[in-house]
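Here is how the chains run, residue by residue.
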Protein chains: 2
Amino acid sequence: MNIHKEKNDRKLHRKAVTLGDAQQALLDRVHQAGTVKIALADAAGYRLAEDIRAREAIPHFRRSGMDGYAIRTADLQQLPVMLEVIEQLPCGTVPTKVITPGTAARIMTGGMVPDGADAVIMLEMTEEAEQAGQPYVQLRKAVPVGANISPIGEEARAQELLLEAGESIGPGQMALLSALGCAEVLVYRKPLVAIVSTGSELLSINDPLEGAKIRNSNIYMLAAQVRACGAEPLFVEHIPDDYPNAESMLYKLLKSDVDMVIATGGVSVGDYDIIADFFLQWEGETLFNKIAMRPGSPTSAGVWNNKLFFGLSGNPAACFIGCELLVRPVLLAIQGERKAADVQAHDAFLAADYNKVNAYPRYVRGIRYFHNGLVYVKQEGMDMSSAMVTLKDANCLMVIPPTKTGIKAGTLVTVIPLAASTL
Amino acid sequence: MNIHKEKNDRKLHRKAVTLGDAQQALLDRVHQAGTVKIALADAAGYRLAEDIRAREAIPHFRRSGMDGYAIRTADLQQLPVMLEVIEQLPCGTVPTKVITPGTAARIMTGGMVPDGADAVIMLEMTEEAEQAGQPYVQLRKAVPVGANISPIGEEARAQELLLEAGESIGPGQMALLSALGCAEVLVYRKPLVAIVSTGSELLSINDPLEGAKIRNSNIYMLAAQVRACGAEPLFVEHIPDDYPNAESMLYKLLKSDVDMVIATGGVSVGDYDIIADFFLQWEGETLFNKIAMRPGSPTSAGVWNNKLFFGLSGNPAACFIGCELLVRPVLLAIQGERKAADVQAHDAFLAADYNKVNAYPRYVRGIRYFHNGLVYVKQEGMDMSSAMVTLKDANCLMVIPPTKTGIKAGTLVTVIPLAASTL
């Protein structure tokens, strides 16, 4: 009973760190994931592990921006004018003739502008004609020098840095990498994240409900969150509420080839909080076991042999928020993301009074929306750390600073968009 | 020459429809993708093809929201008070005793509150004690009736509609589906999208640059865009610039088991615009071949045997925008999304003067950002339909209405967030 009480006292009397300090302590311990070379066609959603420079200028030739005629603007001083069409220039064709006074070349969008020409005039401003069996074009309007011509290197100079390691590969990156001829790219491999749950109250999703038991939902939620951060979740069997077995299972996981281990549940001050017990006596270094935030203040994390171990709350909303605020920045950093964890945070107007009193900053699931150029945020449904049904409706977290009186509608508060927001 | 001229005239003199009419014409022809039952663990990112109701109330028992003691508030009228602890209630345990006057039960977060108790008092507000070998708890502060107890059905009533067909399965949906015991879910299968390119100027990404040729980048970009809409891209070999061959290849694709075909390039008024030629003589129904928008006005689409065929511009930015504005709403609708195509659009303040003159609405790649509760949008880099290098930096499209004088900074304009924005 004494040992038991002392352990409970240690679980109760934890020193709370700020969220910022907790995030920094984690980021200080991040080791980037290994890299792998993959085919560009498979690379969407990965993060680059190499800087990418233009090999050649883009464009590497004077490119027509229009379907029309490559002409000499000097020929347009007296209008209308008839020019002899001396060549047809589909895209991909290298001109064989120089545009000399009185001549023009029919050119397509993206085609190489012939020497001698200093503008392209769009087809809609021209009329086809014929003189003595030769094709001509009649022009009625002048265009400035350079019109509809992209000069060499307009988009990028040769050797220009175009993409940086750590950047996520989306449609724009794919366009650029393919244009540069990067048939293979070096990317960070997707971090592998073991997700385990604790708690003897948990049923499998295949089981019927009974008594005081509930189905295990956090591991499925975490798996989707982890995926939204570009990582691969690994479902692990449930950890038993029997300390020696739980301990050996946790060490086995930490020794396996996953990049990190996330446990949900068992971090609180209860007598059956097996993850809190593990943090009290493990061989790893505990980075923090209490954060000055609600919900999820008992959220804990540590390092064992360079591998991060997270103990998230078992309460669905607290678990969700712990993953967004602590696991997500780490997963992005592991994949080379260089931006700060809170780079996406911004201000928004609180749409309704927030009346709950807080000693700690509170991270409340919210709905961000726009109206007439202003950003608003409103609380989404129930704000209990146990509430799970309304998690699906949130698209951000709103940050409520410590307050003894609540916060009035119209006040600016910080919002953090969710990783997997579909709104 | 006459036939050739007539064809060119038909390509030139197209009737422009509005973007809204083009989108509606497409949505009117959408057939939803087939459905498939998959394991919940694999369901993240799919869209539900069935409505989901609560089978039982959530929670299905009176649930403690705290670690502490289940008590009768009537016992707290004189403080401090000592209550006998008659039972330990870890999560998942069904109480065997009723809380009677003078008694309490130790209860964990998520535990089932025993009959007789009408509140839970948090552990931090209590002191353990002992009297005659029996465990007691001392309380010094009153709590209101119902404190820290979630009543049955607080989150959802039995049979309540919780998720609707068409909803995308993210972390919140995963939490709910697993809590409800949906070990398998009925989802729309991912639409399969064939992506083909045209144009004899295109090199493979493995080829060195030469002459006036460029590497094929639109198909990689489109593949990433299509993926961001939950669909599977299918890369198809390049279409030759030889009409009979191109035509037979396009019919072969339309007859294959893909859900739609997207071609990029060859939709304009040029002599070598093979997709425009195809739309002039194919067996399908052309829905539109010109849209009153820039860039991408020659964007075309039609239906052949219930299958949609898109002809997007070959210009990278015009192709990108055509996919966002026309293909994306169709792909979402195929997967059961019920919201309107433009549900995500909202207003933002133009951060700098926009001076280009437009006869048509212009969809300009932009960067949306926030400052002091206001939403701004600025033009991202070069606004040429040929510009590809800066595509990666955009996180929205900004809609510039037709203007003869430009639009002043500070004006509210519509922005459309991109499907695959990583910002």
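Shown above is the structure to which this text applies.
Here the structure is a predicted model, which is why all the values come from computation and not from measurement.

Colleague: Provide a residue-level description of the nonpolar core, including the pertinent values.
Modeller: Side chains of a nonpolar character, in soluble globular proteins, are inclined to be buried together. A:Val185, B:Leu26, B:Met260, B:Ile262, B:Phe310, B:Leu325 and B:Leu326 are the most contacted members of the largest nonpolar core, which totals 70 residues. The element that contributes the greatest number of residues to this core is helix H7 (residues 316-334) of chain B, accounting for twelve residues. Those residues in contact with B:Leu26 that sit more than four places away from it in its chain are B:Leu287, B:Phe288, B:Ala301, B:Leu308, B:Phe310, B:Leu326 and B:Val330. A:Ile334, A:Val399, B:Leu48 and B:Val185 belong to the second-largest nonpolar core, a separate cluster that totals 68 residues.

Colleague: Quick rundown of the pairing of strand E18 (residues 260-264) of chain A? Include the residues and the values.
Modeller: Along a regular strand, successive side chains alternate from one face of the sheet to the other. Residues and elements named next belong to chain A. Of all five residues in E18, five are buried; the element is thus mostly enclosed. Across five bridges, strand E14 (residues 192-197) lies against E18 in parallel orientation. Paired with Val-193 across the two strands is Met-260, which belongs to E18.

Colleague: Quick rundown of the interface of chain A and chain B? Include the residues and the values.
Modeller: Counting residues at the interface gives 96 residues for chain A, matched by 96 residues for chain B. Together, A:Glu155, A:Pro171 and A:Lys392 form the three largest contributors to the area buried by chain A at its contact with chain B, with a combined 8%. Here chain A is connected to chain B by zero salt bridges. On the surface where chain A and chain B come into contact, there are 17 residue pairs in polar contact (both at pLDDT 80 or more). Of all the secondary-structure elements, those providing two or more residues to the side of chain A that touches chain B are strand E12 (161-163), helix H3 (171-179), strand E16 (214-215), helix H4 (218-228), strand E22 (346-350), strand E23 (362-371) and strand E24 (374-379) of chain A.

Colleague: Can you break down the packing of helix H4 (residues 218-228) of chain B against H7(B) residue by residue, with the values?
Modeller: Residues and elements named next belong to chain B. Their axes nearest at 10 Å, the elements H4 and H7 cross at an angle of 30°. The pairing of H4 with H7 is recorded here as roughly parallel in orientation. You can see that H4 and H7 cross each other, and the crossing is right-handed. Across the interface between the two elements, Asn-218, Met-221, Leu-222, Gln-225 and Val-226 of H4 pack against Pro-316, Cys-319, Phe-320, Cys-323, Glu-324 and Leu-331 of H7. Taken together, the residues of the contact of H4 with H7 break down into eight nonpolar, two polar and one charged.

Colleague: Lay out the relation of the copies chain A and chain B with the relevant residues and their values.
Modeller: The operation linking the two copies of the chain is a rotation about an axis combined with a translation along the axis. Superposing chain A onto chain B takes a rotation of 180° combined with a translation of 0.0 Å along the rotation axis, leaving an RMSD of 0.0 Å. Those values place the two copies in the arrangement expected of a two-fold rotation axis. When C-alpha positions in chain A are compared against the rotation axis, the closest is assigned to A:Leu374, at 2.3 Å.

Calculation criteria
Residues numbered from 1 in each chain as written. Chains lettered and ligands numbered in written order. Predicted model: local features only at pLDDT ≥ 70, side-chain atom pairs only at ≥ 80, totals over all residues. Heavy atoms only, no water. Core = buried A, V, L, I, M, F, W, Y, C linked by side-chain atoms within 4.5 Å. Buried < 20%, exposed > 50% of the residue type's maximum accessible area, 1.4 Å probe, protein only. Helix = DSSP H or I, 4+ residues; strand = E, 2+ residues; numbered from the N terminus. Contact = heavy atoms within 4.5 Å. Pairing = 2+ DSSP bridges. Buried area = accessible area lost by both parts, 1.4 Å probe. Salt bridge = Lys/Arg side-chain N within 4 Å of Asp/Glu carboxyl O. Polar contact = N/O pair within 3.5 Å; in protein donor to acceptor, adjacent residues only side chain to side chain. Axes fitted to C-alpha atoms, helices over the stretch in contact; angles between N-to-C directions. Parallel < 35°, antiparallel > 145°, perpendicular 65-115°, else oblique. Left-handed = near helix turned anticlockwise from the far one by under 90°. Nonpolar A, V, L, I, M, F, W, Y, C, P; charged D, E, K, R; others polar. Least-squares fit on C-alpha atoms with pLDDT ≥ 70 in both.

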